Amino acid sequence: MSTPLLSVHHIDVAVENKRILHDISLDIAPGETHVLMGPNGAGKSTLGYALMGSPRYTISGGDILFKNEDITEETPDKRAKRGMFLSFQEPLEVPGLSLESFLRSAISERTGEKIRPWEFCKQMKKVMELLEISPEKAERGLNVGFSGGEKKKAEILQMLLFRPDLAILDETDSGLDVDAVRLVAEGIRTYQQETGGALLIITHSTRILEPLHIDRTHIMVDGALVYQGDGSLVDRINREGYDEFISMKRA
Amino acid sequence: MREKSQVDSIDRSVYDIRDAERDNWRITAGLTPDIINQISDEKNDPDWMREFRLQCLEIYHRLRVPDWGPSIDGLDMDNIVTYVRRDKRMSNTWEDVPEDIKDTFERLGIPQAERKSLAGVGAQYDSELVYHNVKAEVAAQGVIYSDLESALRGEYADMIRAHFMKLVPPTDHKFAALHGAVWSGGSFVYVPKGVEVSIPLQSYFRLNAKGAGQFEHTLIIVDEGASLHFIEGCSAPKYNVANLHAGCVELFVEKNATLRYSTIENWSKNMYNLNTKRAVIGENARMEWVSGSFGSHVSYLYPMTILKGDRAQMEFTGITFAGREQNLDTGAKVVHLGSDTSSYIGTKSISKDGGVSTFRSSVVVDQKARRAKAAVSCQSLMLDDISRSDTIPAMDIRAGDADIGHEAQIGRISDEAVFYLMSRGISEEDARAMIVSGFADNVSKELPLEYAVEMNNLIRLEMKGSIG
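Because the structure is a prediction, the values reported are computed rather than measured. Position numbers for residues start from 1 in each chain and track the written sequence from start to end. Chain letters start at A and ligand numbers start at 1, both assigned in the order the entries are written. This being a predicted model, a pLDDT of at least 70 is required before a residue's local features are given, and a value of 80 or more before pairs of side-chain atoms are given or counted; all residues contribute to the totals for chains, interfaces and linings.

**Here we look at the overall build of chain A**
Then comes step 1: For the purposes of this entry, the term helix denotes a DSSP run of H or I that reaches at least four residues, the term strand denotes a run of E that reaches at least two, and both are numbered from the N terminus. A count of helical and extended segments in chain A gives eight helices and 12 strands.
Then comes step 2: With the C-alpha coordinates aligned to their principal axes, the bounding extent of chain A is approximately 55 × 40 × 35 Å.
Then comes step 3: Field definition: a residue is buried when 20 or more other C-beta atoms are found within 10 Å of its C-beta, exposed when 12 or fewer are, and partly exposed for counts in between, with C-beta atoms placed from the backbone. Looking at chain A as a whole, 42% of its 251 residues qualify as buried.

**What about the overall build of chain B?**
Then comes step 1: When helices and strands are tallied, chain B shows 13 helices and 25 strands.
Then comes step 2: In terms of overall size, chain B behaves like a compact globule, its C-alpha atoms giving a radius of gyration of 21 Å where 468 residues would be expected to give roughly 23 Å.
Then comes step 3: Referenced to the eigenvectors of the C-alpha coordinate spread, the extents of chain B come out at roughly 65 × 55 × 45 Å.
Then comes step 4: Counting the 468 residues in chain B, one finds 56% classified as buried.
Then comes step 5: This entry defines residue contacts through backbone-placed C-beta atoms, with two residues in contact when those atoms are within 7 Å. Taking the contacts inside chain B whose residues are at least 6 apart along the sequence as the reference set, 83% of them involve residues at least 24 apart. Computation of the radius of gyration draws on C-alpha atoms alone. For the globule rule, the value is 2.2 Å times the number of residues to the power 0.38.

**Structural notes on unusual backbone geometry**
Then comes step 1: We note that Glu171 of chain A has phi near 50°; this positive angle belongs to a residue other than glycine.
Then comes step 2: Relative to the helices and strands, Glu171 of chain A resides in the loop between strand S9 (166–170) and helix H6 (178–195).
Then comes step 3: Positive phi is not limited to glycine here, since Met165 of chain B has a value of about 55°.
Then comes step 4: Mapping Met165 of chain B onto the fold places it in the loop between helix H8 (157–163) and helix H9 (174–182).

**Points about the environment of Leu157 of chain A**
All names here are of chain A.
Then comes step 1: With respect to the helices and strands, Leu157 occurs in helix H5 (residues 148–162).
Then comes step 2: The class for Leu157 is buried, based on 22 C-beta atoms found within 10 Å.
Then comes step 3: Sequence-wise, Leu157 and Ile188 are 31 residues apart; in three dimensions their C-alpha atoms are separated by 9.9 Å.
Then comes step 4: Discounting chain neighbours no more than four positions away, the residues touching Leu157 are Val127, Met128, Leu131 and Ile133.

**Remarks on the environment of Arg161 of chain B**
Residue and element names in this part refer to chain B.
Then comes step 1: Structurally, the position occupied by Arg161 is in helix H8.
Then comes step 2: Of the residues examined, Arg161 has 14 C-beta atoms within 10 Å and is grouped as partly exposed.
Then comes step 3: Each C-alpha atom of the pair Arg161 and Trp48 lies 8.7 Å from the other, and the pair is 113 residues apart in sequence.

**Description of the packing of H5 of chain A against H6 of chain A**
Residue and element names in this part refer to chain A.
Then comes step 1: Here the axes come from fitting lines to C-alpha atoms, over the contacting stretch only for helices, and the angles between their N-to-C directions go from 0 to 180 degrees. Contact geometry of H5 with H6 gives a least axis separation of 10 Å together with a crossing angle of 10°. In terms of axis orientation, H5 runs roughly parallel to H6. Across the interface between the two elements, Gly149, Lys152, Lys153, Ile156, Met159 and Leu160 from H5 touch Ala180, Leu183, Val184, Gly187, Ile188, Thr190 and Tyr191 from H6.
Then comes step 2: Residues of the contact of H5 with H6, tallied by class, amount to eight nonpolar, three polar and two charged. Between 65 and 115 degrees an angle is taken as roughly perpendicular, under 35 as roughly parallel, over 145 as roughly antiparallel, and anywhere else as oblique. Residue classes follow a fixed rule: Ala, Val, Leu, Ile, Met, Phe, Trp, Tyr, Cys and Pro count as nonpolar, while Asp, Glu, Lys and Arg count as charged, and any other residue, Gly among them, counts as polar.

**Brief notes about the interface of chain A and chain B**
Then comes step 1: Each partner contributes to the interface: chain A provides 22 residues, whereas chain B provides 21 residues.
Then comes step 2: Elements with a contribution of two residues or more to the side of chain A that touches chain B: helix H2 (76–82), strand S7 (94–98) and helix H3 (99–111) of chain A.
Then comes step 3: Across the side of chain A that touches chain B, the residue classes tally to 12 nonpolar, six polar and four charged.

**Points about the pairing of strand S15 (residues 276–281) of chain B**
Residue and element names in this part refer to chain B.
Then comes step 1: Summarising burial for S15: six of the six residues are buried, a large majority.
Then comes step 2: Neither face of S15 is left uncovered, since the one carrying Thr276, Arg278 and Val280 and the one carrying Lys277, Ala279 and Ile281 both have all their residues buried.
Then comes step 3: Strands are treated as partners if at least two bridges between them are detected by DSSP. Alignment of strand S12 (residues 248–253) against S15, held across six bridges, turns out to be parallel. Of the residues in S15, the one forming a bridge with Val253 is Ile281.
Then comes step 4: Judged from the four bridges that link them, S15 and strand S18 (residues 304–307) form a sheet pairing that is parallel. If you follow Arg278 over to S18, its bridge partner there is Met304.

**A closer look at the nonpolar core**
Across soluble globular proteins, you tend to see nonpolar side chains buried next to one another.
Then comes step 1: Definition of nonpolar core: a set of buried Ala, Val, Leu, Ile, Met, Phe, Trp, Tyr and Cys residues joined via C-beta atoms within 7 Å. The biggest cluster of nonpolar side chains holds 212 residues, and the ones touching the most others in it are Leu166 and Ile168 of chain A together with Val222, Val253, Leu259 and Ile281 of chain B.
Then comes step 2: The contact partners of Ile281 of chain B, leaving out residues within four places of it in the chain, are Val253, Met287, Thr305, Ile306, Leu307, Lys308, Gly309, Ala312 and Met314 of chain B.

**Regarding the sheet that holds strand S11 (residues 216–221) of chain A**
Residues and elements named next belong to chain A.
Then comes step 1: Within the open sheet, the six strands sit side by side as S6-S9-S10-S3-S11-S12. Their pairing is mixed. Only two strands of the sheet have a single partner each, and these edge strands are strand S6 (84–87) and strand S12 (224–229). For this sheet the average axis-to-axis angle between neighbouring strands, irrespective of direction, equals 20°.
Then comes step 2: Bridge analysis of strand S3 (residues 33–37) against strand S10 (residues 198–202) gives four bridges, and the strand direction is parallel. Across the sheet, Val35 pairs through a bridge with Ile201, a residue of S10.
Then comes step 3: Against the sheet, helix H1 (residues 44–52) touches S3, S6, S9, S10 and S11, its axis set at about 145° to S9.

**Things to note about the packing of helix H3 (residues 47–62) of chain B against H9 of chain B**
All names here are of chain B.
Then comes step 1: It is at 7 Å that the axes of H3 and H9 come closest, and there the two elements cross at 155°. Here H3 is positioned roughly antiparallel relative to H9, judged by the angle of their axes. With respect to the hand of their crossing, H3 and H9 are arranged in left-handed fashion. Contacts between H3 and H9 involve Phe52, Arg53, Cys56, Leu57, Ile59 and Tyr60 from the first element and Lys174, Ala177, Leu178, Gly180 and Ala181 from the second.
Then comes step 2: For the contact of H3 with H9, the residue count by class is eight nonpolar, one polar and two charged. Left-handed describes a crossing whose near helix is turned anticlockwise from the far helix through less than a right angle; right-handed describes the clockwise counterpart.

**Thoughts on the confidence of the model for chain B**
Residues and elements named next belong to chain B.
Then comes step 1: pLDDT expresses, on a scale from 0 to 100, how confident the predictor is about each individual residue. With 93% of its residues at a pLDDT of 70 or more, chain B shows a mean pLDDT of 88.
Then comes step 2: Every residue in residues 1–10 scores below 50 in pLDDT, and together they form 16 contacts with partners more than four places removed in sequence or on other chains.
Then comes step 3: Interface confidence for the predicted complex, given as ipTM, is 0.96, next to a pTM of 0.84.

**Topic: the sheet that holds strand S25 (residues 403–412) of chain B**
Residues and elements named next belong to chain B.
Then comes step 1: Within the open sheet, the 10 strands sit side by side as S4-S3-S7-S10-S13-S16-S19-S21-S23-S25. Their pairing is mixed. Strands at the two margins of the open sheet, each flanked by one partner only, are strand S4 (128–134) and S25. Adjacent strand axes in the sheet meet at a mean angle of 5°, parallel and antiparallel pairs treated alike.
Then comes step 2: Both strand S3 (residues 120–125) and strand S7 (residues 201–206) contribute to a ladder of six bridges, which runs parallel.

**Focus on the environment of Thr33 of chain A**
Residue and element names in this part refer to chain A.
Then comes step 1: Tracing the backbone shows Thr33 in strand S3.
Then comes step 2: The spatial distance from the C-alpha of Thr33 to the C-alpha of Asp235 is 16 Å, given a sequence separation of 202 residues.
Then comes step 3: Excluding residues within four positions of it along the chain, Thr33 makes contact with Gln192, Leu199, Ile201, Leu212, His213, Ile214 and Asp215.

In structure tokens form, the structure reads like this:
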């Protein structure tokens, strides 16, 4: 394995003094696609939030390295600027802040330079077309009045425009109809191909993973990573469920 | 339009620069018949106006200070100077305006705005207008836009006498009486029948003198079938003594006419803003208010609309931002007299750093008004735990077939939303400012572009350093 892009060393994660993740270690190399699976309530989303630096969670032990820099104490905006991205399970609504102007300010924040409006518009429209997001959404308040599927597609739109080095996708496929799953998967494949970026896909279903090449699969049960394997592990879970892993949970 | 859209760091200093008080003529502080007579002499009032002022003074002394709103104990009327002017009189070319005053207005972007996007401009500095001008093509349509003093002695003298403080009588409240006694400056606008003024007129009010009051009177008559957009802007540098603004706005919108009245008020935080605005709307006519209140220490401001004619309409869009040491009591009032009249009051308020924002509204539907429709919506955003936001809606519905709606919401900035924006690379401060600007977006959309930019700058300015 080459030098990891993300290297998580034995972190414990707590919310309001209650520890919910235990001794998590994980390495993701540039361009790799990892999948994090596990039964509901295992703590998968918590890990995604903690990696992105959500103030709700405290990292009470261990450290997180991104591109060889310790980011354990960094604020989310700094992590984002280093090249991390989190697709939210429930994207937040910001009334009055249009999707387009939000995307523009976020991109100029990330790159530190002003982008040409025309150029940006062209790019945005192209990606919106790919994801079949209707053009008038660009003028709407960020995620306001978006359906569940539209919100998820808007997350993928952001990922494709921000071009992060690591994208964490938290349950991006949950609650989507077949068409939306297809488009989201298409977006993810485009991200892999066009940017060569790495992925950590958090999911408890497998539909979204079908068209993707998966390097590594991690199983989380009850706040701990209990097992890992290659892409074929996904199929095994698909057939057999989590039962055999639940018994592996932390003593 | 001012080219401010690229502004990255906002500089409050453009508002805060105080000019030295040079060549000023200040009246003695306090309120006596003697002082009122001096003001009247100074302004060369017609006799009726002098008598009116003296009557108003009597009423002022008779009426009590309002006790139902924010405290105005810090305002000592014996120490407010009611009239301050330069030795030099009003001009209609910028070249003739005194250098330092010209610089002040240049900094505020007034002449640039006039050149680019306005039909006419009036600029008042302390008690008197220092500049007044209207574009030739607008004047050619018969539109009158002048200072009120010269209008009082000119062709429209009778029209002014017939309307002046008829809508806001001096008996209305103590500060209306005060206004009647010491008013100075302000504008008179008359838009003749059927004339549509396609670009806005603007008045800008600047109070520079320390411990002084500004009492401008704005009288606008939009005649039948005519339309107008009028903008007023206000600012002042900060002093450590109280200043007072007790202006009065009277708007007459005749049958089939439309008036939009936009205000961005950014008085300094030692200002007591006790302003009265009222409009009467004729048959099938429409009144639109857009009101942004950012400044002042204490405000009492409730523009009132009387829907007198059948099918008259009113829409009020307002935003109030109360920060440290600010107690802003704002809202709107509407009276439905005509049938099939409709009104919509939509406001947003933001409070932070211990600021207090109170939304107060009053909807009255007269028993003669058939099928009246009124809706009130008020949303408040509190940015921390020490700030306060109250909603006091009053309704007095005397007709059985009125359609009345009311909704109020009080909320906070969600930490999750801040985290969401930050996870995209936006700093915490910017994330909060974006959320607040978004909250205010429906108001900024209603403003002319340069004012919308100004308002967003003010929000960013207020949000600066708000991360504790």
